[in-house]
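# Notes for the structure review
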Amino acid sequence: LKAIAVIGCGPIGQGWAQLFARRGFEVRLFDVSKSAAARAQQFIKSSLVDLEREGGDVSPGQSVTRISVAGTLVEAVAGVTYVQECVPEDVSAKAQTFADLGALTDRSVILASSCSSLLPDTFLDRPRFRERCIVAHPFSPPNLIPLVELVMSSWTSEPTLQKARDLLTGLGRRPVVLRKAVPGYVVNRLQAAVIAEALALVRDGVISPEDLDASMKHGLGRRWAFMGPFETMDLNSAGGFAEYVNKFYRDGYRAICDDLKTREPWAPDAIAQVEQWRRAELPDEQALLSRRRWRDRMLVHVARLVTGAENR
Ligand SMILES: NC(=O)c1ccc[n+]([C@@H]2O[C@H](COP(=O)([O-])OP(=O)(O)OC[C@H]3O[C@@H](n4cnc5c(N)ncnc54)[C@H](O)[C@@H]3O)[C@@H](O)[C@H]2O)c1
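Here we summarise the structure given alongside this text. The structure presented is a predicted model; accordingly, all values stated were derived computationally and were not measured. Position numbers for residues start from 1 in each chain and track the written sequence from start to end. Given that the model is predicted, a residue must reach a pLDDT of at least 70 before its local features are reported, and side-chain atom pairs must reach 80 or more before they are shown or counted; all residues, however, enter totals for whole chains, interfaces and linings. Heavy atoms throughout the structure, all of them, feed into the side-chain values; hydrogens and water do not.

Before going further, it helps to spend a moment on the packing of aromatic side chains. Whether two aromatic rings pair depends on their centres lying within 6.5 Å, for rings of Phe, Tyr and Trp, where Trp uses its six-membered ring; planes under 30 degrees apart make the pair stacked, over 60 edge-to-face, and the rest tilted. Evaluation of the coordinates by the stated rule reveals five aromatic pairs. Centroid distance Trp 16 to Phe 20: 5.4 Å. Interplanar angle 15°. Geometry classified as stacked. On the criterion of helical spacing, the pair formed by Trp 16 and Phe 20 is a turn pair, its members being four residues apart in helix H1 (residues 11–22). Phe 20 shares its class with Trp 16; the two are buried. When the ring of Phe 230 is compared with that of Phe 241, the centres are 5.7 Å apart and the planes differ by 75°; the resulting orientation is edge-to-face. A helix here means a DSSP run of H or I that spans at least four residues, while a strand means a run of E at least two residues long, and both kinds are numbered starting from the N terminus. Relative accessibility under 20% of the residue-type maximum defines a buried residue, over 50% an exposed one, and the middle range a partly exposed one, all with a 1.4 Å probe and only protein chains included.

Taken together, 23 residues lie around the ligand, and Ile 12, Asp 31, Glu 89, Lys 94 and Ser 116 are the ones closest in. N or O atoms closer than or at 3.5 Å make up a polar contact, with two conditions inside protein: a donor-capable atom paired with an acceptor-capable one, and, for residues adjacent in sequence, both atoms drawn from side chains. In this structure, an oxygen atom belonging to the ligand sits 3.1 Å away from a main-chain N or O atom of Ile 12. Taking Lys 94, its side chain carries an N or O atom lying 2.6 Å from an oxygen atom of the ligand. A 1.4 Å probe and the Shrake-Rupley method give the accessible areas. Residues count as covered only by the protein chains that appear here. The fraction of the free accessible surface of the ligand (840 Å²) that becomes covered by protein chains is 72%. Contributions of two or more residues to the shell around the ligand are made by H1 and helix H4 (91–104). Each residue receives one of three labels: charged for Asp, Glu, Lys and Arg, nonpolar for Ala, Val, Leu, Ile, Met, Phe, Trp, Tyr, Cys and Pro, and polar for the others, Gly being one of them. Of the residues belonging to the shell around the ligand, the class tally is twelve nonpolar, eight polar and three charged. Each residue is tested against the molecule or strand, and it is near if at least one of its non-hydrogen atoms lies within 4 Å.

With that out of the way, let us pick up helix H5 (residues 158–170). The span you would expect from a helix comes to 1.5 Å times its residue count less one. If you check H5, its first and last C-alpha atoms are 18 Å apart, about what 13 residues at 1.5 Å a residue would give, namely 18 Å. What H5 keeps buried is the set Thr 160, Leu 161, Ala 164, Leu 167 and Leu 168. All buried residues of H5 project into a common sector of 140° when viewed along the axis, lining one side. The exposed residues of H5 that point more than 90 degrees off its buried face are Pro 159 and Gly 170. In this description, contact between two residues means that some pair of their heavy atoms is separated by no more than 4.5 Å. Buried-residue contacts for H5 involve H1, strand E4 (82–85), strand E5 (110–113), strand E6 (133–137), strand E7 (147–151) and strand E8 (174–178). Remark: Gly 172 follows H5 within two positions and exhibits a positive phi of approximately 80°. Read the arc as the range of directions from the helix axis to the C-beta atoms.

At least two DSSP bridges between two strands are required for those strands to pair. Within the open sheet, the eight strands sit side by side as E3-E2-E1-E4-E5-E6-E7-E8. Their pairing is mixed. Unpaired on one side and paired on the other, strand E3 (67–69) and E8 mark the two borders of the sheet. Averaged over all pairs of adjacent strands, the angle between their axes in this sheet comes to 25°, without regard to strand direction. Examined bridge by bridge, E7 and E8 share five bridges and lie parallel to one another. Residue pairing in the sheet places Val 148 in a bridge with Pro 175 of E8. Interaxial angle, 0 to 180 degrees, is taken between N-to-C directions of lines fitted to C-alpha atoms, where a helix line uses only the stretch in contact.

Turning next to the side chain of Gln 84. Along the chain, the position of Gln 84 falls in strand E4. Taking relative accessible area as the criterion, Gln 84 reaches 0% and is therefore assigned buried. A polar side-chain atom of Gln 84 sits 3.4 Å from the main-chain carbonyl oxygen of Ala 136. Those residues in contact with Gln 84, other than ones at most four positions away along the chain, are Ala 5, Val 6, Ile 7, Trp 16, Phe 20, Ala 112, Ser 113, Ser 114 and Ala 136.

In this section: the pattern of salt bridges. Salt bridges are identified by distance alone: a Lys or Arg side-chain nitrogen within 4 Å of an Asp or Glu carboxyl oxygen. Using the criterion set out here, one finds 13 salt bridges in the structure. Between Arg 203 and Glu 264 there is a salt bridge; the shortest N-O distance is 2.8 Å. Of the two residues, Arg 203 sits in helix H6 (residues 187–203) while Glu 264 sits in the loop between helix H9 (241–259) and helix H10 (268–281), which places them 61 residues apart along the sequence. On the accessibility criterion, Arg 203 (30% relative accessible area) is partly exposed. With its nearest N and O atoms 3.2 Å apart, the salt bridge here joins Arg 279 to Glu 275. Within this pair, Arg 279 and its partner Glu 275 are both found in helix H10, separated by four residues, close to a single helical turn. Owing to a relative accessible area of 27%, Arg 279 belongs among the partly exposed residues under this scheme. Taken together, the shared-partner salt bridges connect Glu 85, Glu 89 and Lys 94 into one network.

This is how it looks when you write it as structure tokens:
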């Protein structure tokens, strides 16, 4: 049985651990906080049982037996082939963790970071054999969202990219490759553009927070759950993408693009309105937690639908 180490047991480490264990890997968890590791193990157990039951597994929770908590970093990485770092988004914490991981592991071991915003060159420069380091940025929760952004540092080698891509593909993920790092990578840039414009529309009194969410949920999101924006537009015009762009961009989208508010700071008024609506819906942490569980069960169903549709 191949072993993987997960370093840092917050929500992201917990998600990766579930994914690796479900796909048959032995998982070693390590966290500087013993209580965080213990809490994570509890949460992983109940979440795995929940999701495996939802997915129709005959013996839900069996994969939990493949997950253990290591007492030290040395113990966590002994004999592993891959390490997924999930410590907080802090450049010096990441740099120190990678320097330690580099010193403790053989050069054949891939060291991947869950980092979501730091440029890879700022913290992947120190480990021994830094060519085996790469950012593998997941989306929350990593066990249920298939996309992973593989972001190369200046030193990441092609064999490292290939090995990380093969491993993640084998785990049912869909890696995309960024050969050049840009702030926010790709998906968070797309998300930032959407959320900035959404808040501006609320601030300007164009739409309520509830109807804004409905616009994505019942409109754009319906198609974007199984096609990208380019394919969506390709299908929106009889002659395809270029025709759509030529016909509509000049007259319609051009004026919209000139009016977008994506570069404006997020308005406190709009943030307060969204928060007020959300807290009326989900008043406390308990309500948020149970809605998060609902989201995870929905993601299992969406994955099943989309995979079924792709195989048709
Ligand atoms: N939360 C998200 O939606 C999301 C999505 C994708 C990627 N990420 C990235 O994943 C990483 C982890 O995110 P999170 O939300 O789980 O973080 P978190 O802060 O909730 O948890 C981090 C855990 O790491 C532990 N830790 C701190 N220093 C450590 C060290 N040196 N060695 C071992 N453990 C250590 C902490 O005790 C804590 O339990 C971050 O880089 C984050 O940006 C987060």
